[in-house]
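Below are the chains, spelled out letter by letter.
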Amino acid sequence: MPIIVNLDVMLAKRKVKLNDLAEAVGITPQNLSVLKTGKAKAIRFSTLEAICQHLDCQPGDILEFRNE
Amino acid sequence: MNESLQPHQSRIQKVGRLLWGFSWFWLVLNVMALLIVMATTLGLGLAGEAGEKENVISMFAGMGGITIDGMTPEAIRSLVAWDYDSYLDHYWISFFYVAAALVIFVVTMALILRIAAAWKRGDVFGEKPIRSFRLLGWIYLIHGIVGQVWGMIGQFVGASHTAEVLYFSFIRDVSLFTFSMSGTGIEWGFLALALSWILEHARLLREEQQLTV
């Protein structure tokens, strides 16, 4: 899929653990792991909003389009 | 609709268009056939010409591969319990049975066309196609039950001559309708394939929903 999820990069930059983010965002660590590993088919605006708020970043910092 | 973005949706619409075309073809073909049968039953029933009657008698005498060496159709006929001449005198009744069969068939096809129209729009799990599927199931179920019950009643027919005539004309026309509706197995095959296909898409959609975070 040409949409790349850079959540792991943002987590490393902000030095936030996956479990902590999951708790802050209100979704299970398993679901957040699905997003981090690029297995997710879709992301809700509410989830994206919560992640951006907690990591203090823009959606573009998490999602990237690469034309393969 | 962009195919690479919406592969399932696009496939649903393609199948919908195919089903739509085939359903119209099937509807026109069967309505024409049933109208011809209706015209024939009405013509035979009202005119009742001797030659035409004999044709029908011969047809029934040979029905089910009944051939006995050295016996004329009339002789074979005399072996059978029910009265062909009386049956032919009541032949016009068939017109109403075929008319009823035609109405049920058109309703059935209208439901299939509604499903096809919904699929053409890419709507598989909408209220309309689901309700149409349910109604279609009820029609087939009732049709099957009536056919079976009628077959059982047939075991006891004979007490009344009128009942016998009504029974046999009904059986003949319902058999005709059954052949056009489900006797070929095409519709059952279609329904089974459609259901498996819908379930497959439901599974894929559920998978997508499970992978939505």
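First, a word on what this report is: a plain description of the structure on this page.

Analysis parameters
- Residues numbered from 1 in each chain as written.
- Chains lettered and ligands numbered in written order.
- Predicted model: local features only at pLDDT ≥ 70, side-chain atom pairs only at ≥ 80, totals over all residues.
- Heavy atoms only, no water.
- Helix = DSSP H or I, 4+ residues; strand = E, 2+ residues; numbered from the N terminus.
- Polar contact = N/O pair within 3.5 Å; in protein donor to acceptor, adjacent residues only side chain to side chain.
- Axes fitted to C-alpha atoms, helices over the stretch in contact; angles between N-to-C directions.
- Parallel < 35°, antiparallel > 145°, perpendicular 65-115°, else oblique.
- Left-handed = near helix turned anticlockwise from the far one by under 90°.
- Contact = heavy atoms within 4.5 Å.
- Buried area = accessible area lost by both parts, 1.4 Å probe.
- Salt bridge = Lys/Arg side-chain N within 4 Å of Asp/Glu carboxyl O.
- Buried < 20%, exposed > 50% of the residue type's maximum accessible area, 1.4 Å probe, protein only.

### Description of the environment of B:L195
Part 1 of the argument: Relative to the assigned elements, B:L195 resides in helix α8 (residues 186–210).
Part 2 of the argument: Placed 62 residues apart in sequence, B:L195 and B:F133 show a C-alpha to C-alpha distance of 9.5 Å.

### Quick notes on the side chain of B:N30
Part 1 of the argument: Mapped onto the elements, B:N30 comes out in helix α1 (residues 7–47).
Part 2 of the argument: Of the polar contacts made by the side chain of B:N30, one reaches the backbone oxygen of B:W26; its length is 2.9 Å.

### Regarding the packing of helix α2 (residues 18–25) of chain A against helix α3 (residues 29–36) of chain A
All names here are of chain A.
Part 1 of the argument: Axis separation between α2 and α3 bottoms out at 9 Å; the angle between their running directions is 110°. The angle between the axes of α2 and α3 places the two elements in the roughly perpendicular class. The handedness of the crossing between α2 and α3 is right-handed. Contacts between α2 and α3 involve L18, N19, L21 and A22 on the former and, on the latter, P29, L32, S33 and K36.

### Observations regarding the interface of chain A and chain B
Part 1 of the argument: Counting residues at the interface gives 10 residues for chain A, matched by four residues for chain B.
Part 2 of the argument: For the pairing of chain A and chain B, the buried interface totals around 710 Å² over both sides, and the portion due to carbon and sulfur atoms is 64%.
Part 3 of the argument: By the criterion of area lost to chain B, the three top residues of chain A are A:K41, A:A42 and A:R44, representing 57% of everything that side buries.
Part 4 of the argument: Scanning the region where chain A abuts chain B turns up zero salt bridges.
Part 5 of the argument: Among the elements that take part in the side of chain A that touches chain B, α3(A) stands out by supplying three residues, more than any other.

### Structural notes on the pattern of salt bridges
Residues and elements named next belong to chain B.
Part 1 of the argument: Evaluated as defined, the whole model comprises three salt bridges over all chains.
Part 2 of the argument: Here E127 makes a salt bridge to R131, at a shortest N to O gap of 3.0 Å. Remark: R131 and E127 occur in helix α6 (residues 127–153); sequence separation between them is four residues, near one turn of the helix.
Part 3 of the argument: Relative accessible area serves as the criterion here: at 62%, E127 is assigned to the exposed category.
Part 4 of the argument: Taking the shortest distance from any N to any O, the salt bridge between R203 and E200 comes out at 2.9 Å. Taken together, the positions of R203 and E200, both in helix α8 and three residues apart, correspond to about one turn of that helix.
Part 5 of the argument: Under the relative-accessibility criterion, E200 is labelled partly exposed at 35%.

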